[in-house]
Amino acid sequence: MANVMLSNGLILWQLPEWKVLLWQFRLPRVVAALIAGGILSVAGLLMQNVFKNPLAGPDVLGISQGASLAVALSLLAGIHVGGLVLMAVIGALIYLLFLLWMSKYLRSPITLLLIGVMGGFMISAFISTMEVFSKAEALKSFVLWSMGSFSKVSPSQLIYLLIMGPLLMGIGLWFSKSFDVLLLGRQKASLLGVNSRRVMLFAIIVAGVATGLSTSLCGPIAFVGLVAPHLSKWLLKTYQHKLLIPASFIIGASVAVLADWLSSGVLAGAILPVNATLSILAAPVILYLIVKKAG
Amino acid sequence: MIALKNLQVNLGGKVILEDLNFQFEKTGLYVILGNNGAGKTTLLKTICGLQNPNHGIVEAEGKSVHQLSLSERSSIIQYVDDPSPIPAFIKLTEYLTLGYQEDGMQIETVMQQLQLVDLKDREVASFSRGQQQKAMLAKLFYGDQPVWLMDEPSNYLDYPSLLHFWAEIQEKAKQKLIIATLHNPEEAIKLDAQILIIEQKRLNKLENPSLNGIIQELN
């Protein structure tokens, strides 16, 4: 038997050791992967709609880098504004609003993609520069964070995910009809009486909070947000967001848990970075989609 | 129904339309002709509220179009332009009702009017340009608002569809105000419509238009 204790040493309850392992290590990790994978996928779905771009996703458009910059500012430069999570959310939102503003002046979705990718490169360069000037201790924790992992989420951080996950889904589902109409383009949606600007803003808020939250807690997570929306559209053969939002969440959650499990020593006999596993899983799917689309 | 008052529209700092004053009747078909870049599309976009005027107002039922709420505006005016890419998995019937209440009877009627019944269960994304244009026009028919603005609506239609489409429009124009832009005077002259021309930033009505007269005006 082992004791489950609060931080002040108070014994909460007694459990057999396997249960302690489950409650303290396994379960938080699985829940983190489920919710982070799920909300990143909903973020990707909404971004693909708003930016009219099938390759839009939290990482591809550089939104994760926006969040990463905020984390780097906090961990490396010691700038704290209301905690890591809030900073990352603000970082992601600023980057998204910048892209939304740019997208008004661009005709081709490809250009937006290039701007997102280039912006991401610039931020990465900025972060690398910060790394050079930072202390060894801070650098170590930042590098570990930047590899991405679902295992470092503490039970108290898990609360954020448990509250925000359903909340973001709720907002998404509330606007699902408007998101459907927005698929026709912002001008056509507004002719049909939908306030496109407001609907897009809510989509951006959901995507930004989801990306900022999951990035600050689990590090930048690759590809889930891009591949899960496509898989859900392809499986359900629908455009309706009331179906696609839950489907993307479930598929994204499953992909993240699967990748996490495969990374934990099952595949290579060694623990792999979860982003490596995700890229290996997702990149071929995305390549297939691009080639199929391009005809 | 629709009145243009001292309307001026600039795009990118350039004056496109200037000092436009015109009163459209409550019903009837109006065809606006003009050369490429004359400002036909800009005028339609300004009337439906997508483009803000720099001076003057567009009045619909006595109120400025640009002050109406989105839902009020969408229940009075609709506008169709060129076919644009439609995302995958939207079937024709779903496309028609997107943004509206579903009404099975109305869907059937509209698909018959635009000869789309065979395409009923197909995805709009897989349509040819002409079929997509028909689908967009069908959406206009489905919405049934009192004012329709159509930007070169027959561009991609085959000849039989074109004749059929204009016959339907002439019928609809008995109860609606329909304003369409065209660039081909030969198509316009065959219609029972009032013909307007945009040239040198202004909108003029042609009295007793003849084909030669229009061609001279456009040159």
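Per chain, the residues get numbers from 1 upward, laid out in the order the sequence is written. Both sets of labels track the order of writing: A upward for chains, 1 upward for ligands. At least 70 in pLDDT is required for a residue's local features to be given in this predicted model, at least 80 for side-chain atom pairs to be given and counted, and no such filter applies to totals for whole chains, interfaces and linings, which use all residues. Hydrogens are left out, water is left out, and the side-chain values use all remaining heavy atoms of the structure.

Peer 1: Outline the interface of chain A and chain B, supporting the account with residue identities and numerical values.
Peer 2: If you look at the interface, chain A gives 18 residues, while chain B gives 24 residues. For any pair of parts, buried area is found by adding up, for both, the accessible area (1.4 Å probe) each one loses once the two are put together. Summing both sides of the interface, chain A and chain B together bury roughly 1700 Å²; the carbon and sulfur share of this comes to 67%. Looking only at chain A, the three residues that lose the most surface to chain B are Leu-191, Leu-192 and Tyr-239 of chain A, adding up to 39% of its buried area. A pairing counts as a salt bridge when a side-chain nitrogen of Lys or Arg comes within 4 Å of a carboxyl oxygen of Asp or Glu. Our enumeration of links across chain A and chain B arrives at one salt bridge. For Asp-81 of chain B, the salt bridge is made with Lys-188 of chain A, and the minimal N-O distance between the two is 3.3 Å. Any pair of N or O atoms that falls within 3.5 Å is considered a polar contact. Within protein, one atom must be able to donate a hydrogen and the other to accept it, and sequence-neighbouring residues count only if both atoms are side-chain atoms. On the surface where chain A and chain B come into contact, there are three residue pairs in polar contact (both at pLDDT 80 or more). Within the residue set of the side of chain A that touches chain B, elements represented by two or more residues are helix H7 (176–182), helix H8 (186–191) and helix H10 (224–236) of chain A. Take the side of chain A that touches chain B: its biggest share by element is four residues, from H8 of chain A. Ten residues, namely Ala, Val, Leu, Ile, Met, Phe, Trp, Tyr, Cys and Pro, are considered nonpolar, four, namely Asp, Glu, Lys and Arg, are considered charged, and the remaining ones, Gly among them, are considered polar. Looking at the side of chain A that touches chain B, its residues break down into eight nonpolar, six polar and four charged. We call two residues in contact when some of their heavy atoms are within 4.5 Å. Every helix listed is a DSSP run of H or I at least four residues long, and every strand listed is a run of E at least two residues long, numbered separately from the N terminus.

Peer 1: I'd like a description of the pattern of salt bridges, backed by residues and values.
Peer 2: Applying the stated rule across the entire model yields eight salt bridges over all chains. Linking Arg-29 of chain A and Asp-260 of chain A is a salt bridge whose minimum nitrogen-to-oxygen distance equals 2.8 Å. Here Asp-260 of chain A lies in helix H11 (residues 241–263) and Arg-29 of chain A lies in helix H1 (residues 17–50), a separation of 231 residues in the sequence. Take Asp-260 of chain A: its relative accessible area is 6%, and that puts it in the buried class. The salt bridge partner of Glu-108 of chain B is Lys-120 of chain B, with a shortest N-O separation of 3.0 Å. With Glu-108 of chain B in helix H4 (residues 104–113) and Lys-120 of chain B in the loop between H4 and helix H5 (129–143), this residue pair connects regions lying 12 residues apart in the sequence. Buried means the residue's accessible area, taken with a 1.4 Å probe over protein chains only, is under 20% of the maximum for its type, while exposed means over 50%, and partly exposed covers the values in between. Lys-120 of chain B sits in the partly exposed class, given a relative accessible area of 28%.

Peer 1: Tell me about the packing of aromatic side chains, and please be specific about residues and values.
Peer 2: Planes of paired rings set the category: under 30 degrees apart is stacked, over 60 is edge-to-face and the rest tilted, where pairs are Phe, Tyr or Trp rings (Trp by its six-membered ring) whose centres lie within 6.5 Å. All told, the structure shown has 11 aromatic pairs over all chains when counted by the stated rule. Seen from their ring centres, Phe-165 of chain B and Trp-166 of chain B are 5.0 Å apart, and the 55° between their planes marks the pair as tilted. Take Phe-165 of chain B and Trp-166 of chain B: they sit in the same class, and that class is buried. Through a chain of ring-to-ring contacts, the aromatic side chains of Phe-175, Phe-179 and Phe-202 of chain A assemble into a single cluster. Think of it as a cone above the ring: NZ of Lys or CZ of Arg counts as a charge over the ring if it is within 6 Å of the ring centre and within 35 degrees of the ring normal. Directly above the aromatic system of Tyr-95 of chain B lies the positively charged group of Lys-139 of chain B, at a separation of 5.4 Å from the ring centroid.

Such coordinate-based values are descriptive only and should not be taken to indicate function.
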